[in-house]
Structures are given as structure tokens and as C-alpha cells.
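This is what each chain is made of:
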Amino acid sequence: MLDLATRRSNSLAGLARGSGNVPAAALEVLPDATKLSFRGRPSAVQAAGEAFGIQLPQTACRFGVKGNRSAYWLGPDEWLLHATGEHASEPFAALERALAGHSYSLVDVSHRSDAFALSGPSSEYILNHGCPLDLSHRSFPVGMCTRTVLAKADTIVWRRQTDLFHLEAWRSFAPYVTALLAEIASGYDLP
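Keep in mind that what you see is a predicted model, and the values were worked out from it rather than measured.

As a further point, take the side chain of E78. By the element assignment, E78 lies in strand β5 (residues 78–84). With relative accessibility at 13%, the residue E78 sits in the buried group. Discounting residues that sit within four places of it in the chain, E78 has contacts with S37, F38, R39, Y72, W73 and R147.

Right under this line is the structure:
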């Protein structure tokens, strides 16, 4: 049963506007979103995609977006479903109805993490200082997502545009990640 009594507070709400900005990059806190962790067998994947309104990506490390909803491939049988501006109860109930009779797992993880965007011509450069993956456009093109680490923090990273990355970190690590990115950016004379 979905607990609707708890009200979420964003752990980055205290981040002052502009405090994460450097000349060639900007850090922005993204609005809270409904986040559902879906795991299922192939027979459940199509039903989940139809109920959520997006065909769930079947290619490793890819995501799909339609309107205010997005679906991120995190593993062979795992997706993160985002719905910005919606209460979790609506998509959760629709998915439960559509998945009746299937083997699946569906968990509301909306309170688990905070999201923010790093944009600008140096965003790739800044992220690569804390991430062991090659986030160059050649290796990590627009439309790609992955679960990785940023220094010591588990993070989900997806590339929305050439110079725009969205990141999601667990609430307890979100202030650390934003401070780390600001420190990396301030340590370089970026154009």
C-alpha cells in the first residue's frame, strides 16, 4: 500500500540560486518527481510501458521521454520510471492494474533521491573528474543513461542534450555531490 501521509522535502532546497554556477557550467535543482522502480520479466515489460505511456527501452543504458514522463533502463530487467508533476498514486495504480497476472516488482522510490542538472560547455569535463566512466559525447551520447558513482556517491546520470546532464543522487549524498561538482568547477579556469 502506498503511504500518502509523508510529505517529501528536497535535501537540496537550501542550495542558493546561482551558488552552483561557474562561467562554463550551471548546476540547477530539478523539481521533485514521482520515481518508480520497476522490475519485470519480458512479458510484463510491454504491459508496463503501455500503462506508463512510454515504451520501456530495451537497449542497455538508454532512456525514453514522452511529455512529463521518462523511463530509464538500469539493468536487463530494471527500469526507473519518472513522472514530473504527478502524484505517485496515479501512475502506481495504473501500473498495478496493467501488471495484474504478471511477475513484477514495483516500488515507489520518490523519496529516495534528489535530482539536479549540470549544463554548459564544461559540464562533461566537470563530471569526468568525479566519474570513472568516459562521459565524452563519443562514448556517452545524447539519450544514454547509466548508474555509476561520482566520487563516493551512487549516482544515476543521463545525457539529455550535448551540454546537459541530469543526475540523481540519494538524498543523503545529494549535498555532497553538489558541493563536489562546485569544487571541481572552481578548481579550474574554465572558458
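Another aspect to go through is the pairing of strand β2 (residues 33–40). Strand residues, when the strand is regular, have side chains that alternate between the two faces of the sheet. Of all eight residues in β2, seven are buried, a share of seventy percent or more. Here β2 runs beside β5; their pairing, made up of seven bridges, is antiparallel. In the sheet register, F38 faces β5, and the bridge partner there is W79. Two strands pair when backbone bridges link them, and β2 and strand β6 (residues 104–108) are joined in this way by five bridges, in the antiparallel orientation. When the sheet's bridge partners are listed, R39 is paired in β6 with S105.

So, on to the nonpolar core. Counting residues in hydrophobic clusters, the biggest one holds 21 residues, and the most contacted among them are L127, L150, L167 and L181. Listing elements by their share of this core, those giving two or more residues are β7 (113–119), α3 (123–128), β9 (153–161), β10 (164–170) and α4 (174–186). Ranked by the residues each element gives to this core, the list is headed by α4, at five residues. Filtering out sequence-adjacent residues up to four positions away, L181 remains in contact with L27, F116, I126, L127 and L150. The next biggest cluster of nonpolar side chains, apart from the first, holds 18 residues, and it includes A48, W73, F92 and L106.

Parameters at a glance
Once a new chain begins, its residue numbering starts again from 1 and follows that chain's sequence as written. Where totals are concerned, whole chains, interfaces and linings use all residues; where local detail is concerned, this predicted model gives features only for residues with pLDDT of at least 70, and gives and counts side-chain atom pairs only at 80 or more. The basis for every side-chain value is the complete set of heavy atoms in the structure, and neither hydrogens nor water enter the calculation. Secondary structure elements are taken from DSSP: a helix is a run of H or I of four residues or more, a strand is a run of E of two residues or more, and numbering for both begins at the N terminus. The buried label goes to any residue with under 20% of its type's maximum accessible area, the exposed label to any with over 50%, and the partly exposed label to all in between, with areas taken from a 1.4 Å probe on protein chains only. Working rule for contacts: check all heavy atoms of both residues, and any pair within 4.5 Å makes them a contact. DSSP-based pairing: two strands are paired if at least 2 bridges between them are found. Each nonpolar core is a collection of buried residues, namely Ala, Val, Leu, Ile, Met, Phe, Trp, Tyr and Cys, held together in the definition by side-chain atoms within 4.5 Å.

Interpretation in functional terms is not warranted from these geometric data alone.
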